[in-house]
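Given next are the chains, with one letter for each unit.
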Amino acid sequence: MDTQQDIVIRAFDVEHDFDAAWNLMRSTWYRGVEPKIAAALSGDEICFYLVRATFAVSAWRNEELLGFTFARHGLPSATQQANWDRARALVNQQYGEVLAAIPDEEGYQCEIDAYRQMLAQAQLKEDDSVLLLVVNPAARGLGLGKKLFTGALDYLRAAGAQSAHLVTDTDCDWSFYDHLGLTRLAERHNDSPTALQSDGYFLYGYNFEDESL
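Residues numbered from 1 in each chain as written. Predicted model: local features only at pLDDT ≥ 70, side-chain atom pairs only at ≥ 80, totals over all residues. Heavy atoms only, no water.

K.L.:
Now, about unusual backbone geometry: what can you tell me, with residues and values included?
P.N.:
Positive phi, normally seen in glycine, also occurs at Q123, with a value near 60°. Along the chain, the position of Q123 falls in the loop between helix 4 (109-122) and strand 4 (129-135). The phi angle at D128 is positive, at roughly 55°, despite the residue not being glycine. Counting through the fold element by element, D128 comes out in the loop between helix 4 and strand 4. (Helix = DSSP H or I, 4+ residues; strand = E, 2+ residues; numbered from the N terminus.)

K.L.:
Any chance you could break down the environment of S27 for me, citing the residues and the numbers?
P.N.:
Position of S27 relative to the elements: it lies in helix 1 (residues 14-28). You can call S27 partly exposed: its relative accessible area is 41%. Remark: the alpha-carbon pair of S27 and Q93, spanning 66 residues in sequence, is separated by 21 Å. (Buried < 20%, exposed > 50% of the residue type's maximum accessible area, 1.4 Å probe, protein only.)

K.L.:
Kindly report on the packing of helix 1 against helix 3 (residues 78-100), identifying the contributing residues and their values.
P.N.:
At a closest axis distance of 11 Å, the pairing of helix 1 and helix 3 adopts a crossing angle of 50°. Between helix 1 and helix 3, the angle falls in the class oblique. For the pair helix 1 and helix 3, the crossing hand works out as right-handed. Residues V14, E15, F18, D19, W22 and R26 of helix 1 form the contact with helix 3, whose participating residues are N83, W84, R86, A87, L90, V91, Q94 and Y95. (Axes fitted to C-alpha atoms, helices over the stretch in contact; angles between N-to-C directions. Parallel < 35°, antiparallel > 145°, perpendicular 65-115°, else oblique. Left-handed = near helix turned anticlockwise from the far one by under 90°. Contact = heavy atoms within 4.5 Å.)

K.L.:
Please set out the nonpolar core residue by residue, giving values where relevant.
P.N.:
Formed by 35 residues in total, the largest nonpolar core has its most connected members in F12, F18, L50, F68, F70 and W84. Mapped onto this core, the elements with two or more residues apiece are helix 1, helix 2 (35-50), strand 2 (55-61), strand 3 (64-72), helix 3 and strand 4. The element best represented in this core is helix 2, accounting for nine residues. Residue contacts for F12: discarding those within four places in its chain leaves D17, F18, A21, L50, A56, V57, S58, F68, F70 and W84. Listed in part, the 27 residues of the second largest apolar core include A59, A71, Y204 and F208. (Core = buried A, V, L, I, M, F, W, Y, C linked by side-chain atoms within 4.5 Å.)

K.L.:
Break down helix 3 for me, citing the residues and quoting the values.
P.N.:
One full turn of an α-helix is made of 3.6 residues, so residues set three or four places apart face in the same direction. Along its 23 residues, helix 3 runs just 28 Å from first to last C-alpha, ending more than 12% under the 33 Å computed at 1.5 Å per residue. Roughly 70° is the biggest bend found in helix 3, and it falls at Q94. The set of residues buried in helix 3 consists of W84, A87, V91, Y95, V98 and L99. Where helix 3 is buried, its residues contact helix 1, helix 2 and strand 2. (Expected span 1.5 Å × (residues − 1). Bend = angle between axes of the 7 residues up to and from the residue.)

Next up, the structure:
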């Protein structure tokens, strides 16, 4: 029987982890999308958040990537930024032309715009956030999502954050955050979703002073 004892969680390493994370994102979040577009968007979306991350970990069971998460407090160090930029260069080298051909309104730019609108509504900045949480379907039932998420919160708390936030959408298991006791701070409905977009977006918040997971 699989348990969390079989899983190793360690710092995200671009050289060893990025391709596996790219494949996991492509096969889960972009499942059903034309393969070349799925590859381009999944790689670019990972990089969008990775280049902002000051905390990044991956979870492995033997040679299988089971999940990863990124968080942000302040700005990445010079070393982190150099590593993250290497990943972005790799995606652009392979799929730059594909990305350039996808209009912003057809891709995940809609989610980014909704996120920034909700931040403004909640009077929050982009700092002190859980940027991305991706869990392999093979890890369902192991409690890994909560473990990765609380690990990111622990990092933000230790770094001095008083609260944390994240954005999710209707295509994800947003009830996971309700179950953990986070507060929904804002939401946006997408009136014209495309095949690459969700119907709606949610901003969740967590106050370290008032709550404890």
